[in-house]
Amino acid sequence: GNCSLIFKNIKYKVPALKVTSLYDYLTEGNLIKNIKEYTVHHPCPARIDKDQKGSFNRIIKRYNISVSESVKQLPCCLTKTPSALKARQSLKGKDLLTYCGHCTKSFQKDTNTTHLLQVLFPSSKVKFKKKSILHEIAAFRKLRKLILNK
């Protein structure tokens, strides 16, 4: 699923609920050793909710993760226009870092893509596997039921 989008929806649609991002929580961790340099892809919800992007930036600083921003902001991972495909092709040979499961799954088709949690917890070498849309809808409905008690 798209953790960033779900977090944003819960945060703004259920304001009475105190929601802490996993990435805010991780800013308090210990340093890890990382020698790769990554090109960053910020997921779409984080481009709107600057708190998510800020948490990500604090984590990479705290854990000494070497990153460079893309020269040009990459399009949404779902965009399949010719210009979006060209931007994706420009990533060949680069290591892409993102903090969205959906983006990780999508970009892994084209380039070496790592989720931030795979850097923080390196024993996780498993690639993100795409699940069916029915699975994602069922998971969203379960979450909605839990939050709204409906």
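Cut-off values and rules
Residues numbered from 1 in each chain as written. Predicted model: local features only at pLDDT ≥ 70, side-chain atom pairs only at ≥ 80, totals over all residues. Heavy atoms only, no water. Pairing = 2+ DSSP bridges. Helix = DSSP H or I, 4+ residues; strand = E, 2+ residues; numbered from the N terminus. pLDDT = per-residue confidence, 0-100. Axes fitted to C-alpha atoms, helices over the stretch in contact; angles between N-to-C directions.

Where strand 1 (residues 37-40) and strand 2 (residues 66-69) come together, 4 bridges link them in parallel fashion. Counterpart to Y38 in the pairing with strand 2 is V67. Sheet topology note: the strand 1/strand 3 (residues 95-98) ladder contains 2 bridges and is parallel. In the strand pairing of strand 3, V40 is matched with L97.

Across the protein chain, pLDDT averages 79, with 76% of residues at or above 70. In the model of the protein chain, helix 8 (residues 133-148) stands out as the element of lowest mean pLDDT, 68, in contrast to strand 3, which has the highest, 92.

In spatial order, the strands read 2-1-3-4; together these 4 strands make up an open sheet with parallel pairing. Since the sheet does not close on itself, it has two edges, and those belong to strand 2 and strand 4 (112-115), each with one partner. Sheet twist, expressed as the mean angle between neighbouring strand axes with direction ignored, is 40°. Here strand 3 runs beside strand 4; their pairing, made up of 4 bridges, is parallel. Note that in strand 4 the partner of L96 across the bridge is T113.

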